Amino acid sequence: VELLCRNVDGARQLADELVACTAENEFPYWRAFAWAVHGWARVCDGELQAGIAELERARAVHREMGAGLLSTHFLCWLAEGRMRAGEIAAGLAAVDDGLLLTETTLDCSYRPELWRLKGELCLAQAGGEGSNASAARADDSKVQRARARQDRAAAAGRAEDCFRRALETARETQARSLELRAATSLARWLQRSRKNSDARALLGEICQWFGPDATSPDLSDARALLQQLSPAAR
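The structure presented is a predicted model; accordingly, all values stated were derived computationally and were not measured. (Residues numbered from 1 in each chain as written. Predicted model: local features only at pLDDT ≥ 70, side-chain atom pairs only at ≥ 80, totals over all residues. Heavy atoms only, no water.)

Notes on the nonpolar core
Ranked by size, the top nonpolar core spans 60 residues in total, and within it Trp40, Trp77 and Leu203 carry the most contacts. Of the residues forming this core, the biggest block, nine residues, is contributed by helix 2 (residues 28-44). In contact with Leu203, other than residues within four places in its own chain, are Ala183, Thr184, Ala187, Ala222, Leu225, Leu226 and Leu229. (Core = buried A, V, L, I, M, F, W, Y, C linked by side-chain atoms within 4.5 Å. Buried < 20%, exposed > 50% of the residue type's maximum accessible area, 1.4 Å probe, protein only. Helix = DSSP H or I, 4+ residues; strand = E, 2+ residues; numbered from the N terminus. Contact = heavy atoms within 4.5 Å.)

Right, here's the structure in full:
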């Protein structure tokens, strides 16, 4: 529950307790899961390399045991860590591994989040290609500039497709917390595309479902964005 609400402090505290419990009772499977949750929390707290290392260790132990359940979660958190560290290619590789598992196993509960993260990684990739565009301008090459623009547009287009896939799959399974994240990412993209009314309608619907009394970091982000999208804010 803490993970799905992105309550990092709560998840980290419970992961610490789970590490101790699994060490005392020799539960290697759940120890690997505890390490992964702890690694994800460290990534969210800005301890990027330490968190990524912990996630890699957890995944290695998980695979050594021949375990499959929750592999998509491990890969999702690893992809998020790689993205935050600016390692876009590695992040995309982790996401694609996770998406493949959702198609070939029954471990598909995190499919919406994998698609959402792939969209965020595609946007980051598009931003990175923007630096190539700057280099092209320095070289004064029209062909290079045109190619850089095409690459950025293609990556941005892939990002929107991924966000829509994330939203669709979350709705299919009524995974409301994952739907909220997907809707927020898509709404931000629509805002950048100057489609504020579409973004407002999308985000308003899911925020309304949770009701005014519900709270979580994800809801706070969504409501702040919804406020930016209101006509009065402009």
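A short note on the packing of aromatic side chains
Within this structure, the stated rule accounts for seven aromatic pairs. Judged by centre distance (6.2 Å) and plane angle (20°), the rings of Phe74 and Trp77 are stacked. Note that Phe74 and Trp77 are positioned in helix 4 (residues 71-84) at a spacing of three residues, about one turn of the helix. The same class applies to Phe74 and to Trp77, which are both buried. Here Trp209 and Phe210 contribute two aromatic rings whose centre-to-centre distance is 5.0 Å and whose plane-to-plane angle is 85°, an arrangement assigned as edge-to-face. Assessed through its relative accessible area of 48%, Trp209 is described here as partly exposed. Three or more aromatic residues link up through ring pairs in this structure, and these residues are Tyr29, Trp30, Phe33, Phe74, Trp77 and Tyr110. (Phe/Tyr/Trp six-rings, centres within 6.5 Å; stacked < 30°, edge-to-face > 60°.)

Things to note about helix 4
Helix length check: helix 4 (14 residues) gives 20 Å between terminal C-alpha atoms against 20 Å at 1.5 Å per residue, within 8%. Taken across its 14 residues, helix 4 has twelve buried, putting it largely inside the fold. Taken together, the buried positions of helix 4 are occupied by Ser71, Thr72, His73, Phe74, Leu75, Cys76, Trp77, Leu78, Ala79, Glu80, Gly81 and Arg82. Backbone geometry just downstream of helix 4 places Gly86 in the positive-phi region, at approximately 80°. (Expected span 1.5 Å × (residues − 1).)

Focus: the state of the cysteines
All told, the structure shown has zero disulfides when counted by the stated rule. Cys122 provides the cysteine sulfur closest to Cys162, a residue in no disulfide bond, and the two sulfurs are 4.7 Å apart. Using a relative accessible area of 5% as the deciding quantity, one classes Cys162 as buried. In this structure Cys207 is not part of a disulfide, and its nearest cysteine sulfur, from Cys5, lies 14 Å away. (Disulfide = S-S within 2.5 Å.)

Considering the environment of Ala183
With respect to the helices, strands and loops of the structure, Ala183 is situated in helix 8 (residues 176-192). With 19 residues separating them along the chain, Ala183 and Leu202 place their C-alpha atoms 6.6 Å apart. Filtering out sequence-adjacent residues up to four positions away, Ala183 remains in contact with Leu167, Leu202, Leu203 and Ile206.

Considerations on the pattern of salt bridges
Taken as a whole and assessed by the stated rule, the structure comprises 18 salt bridges. Among the ionic pairs, Glu87 bridges to Arg82, the shortest N-O distance being 2.6 Å. When its relative accessible area of 26% is taken as the criterion, Glu87 is described as partly exposed. (Salt bridge = Lys/Arg side-chain N within 4 Å of Asp/Glu carboxyl O.)

Topic: the confidence of the model for the chain
Taken residue by residue, the chain gives an average pLDDT of 90. The fraction at 70 or more is 92%. Counting contacts from residues 129-138, a segment whose pLDDT is below 50, to residues more than four positions away or on other chains yields nine contacts. (pLDDT = per-residue confidence, 0-100.)

Things to note about helix 3 (residues 48-64)
Under the 1.5 Å per step criterion, the end-to-end length of helix 3 is 24 Å for 17 residues, consistent within 8% with the ideal 24 Å. All of the buried residues in helix 3 are Gly51, Ile52, Glu54, Leu55, Ala58, Arg59 and His62. Angular distribution of buried residues about the axis of helix 3 spans 160°; they occupy a single face of the element. Looking at the packing, one finds that the buried side of helix 3 touches helix 2, helix 4 and helix 5 (88-104). Phi turns positive one or two residues past the end of helix 3, at Gly66, with a value near 75°. (Arc of directions from axis to C-beta.)

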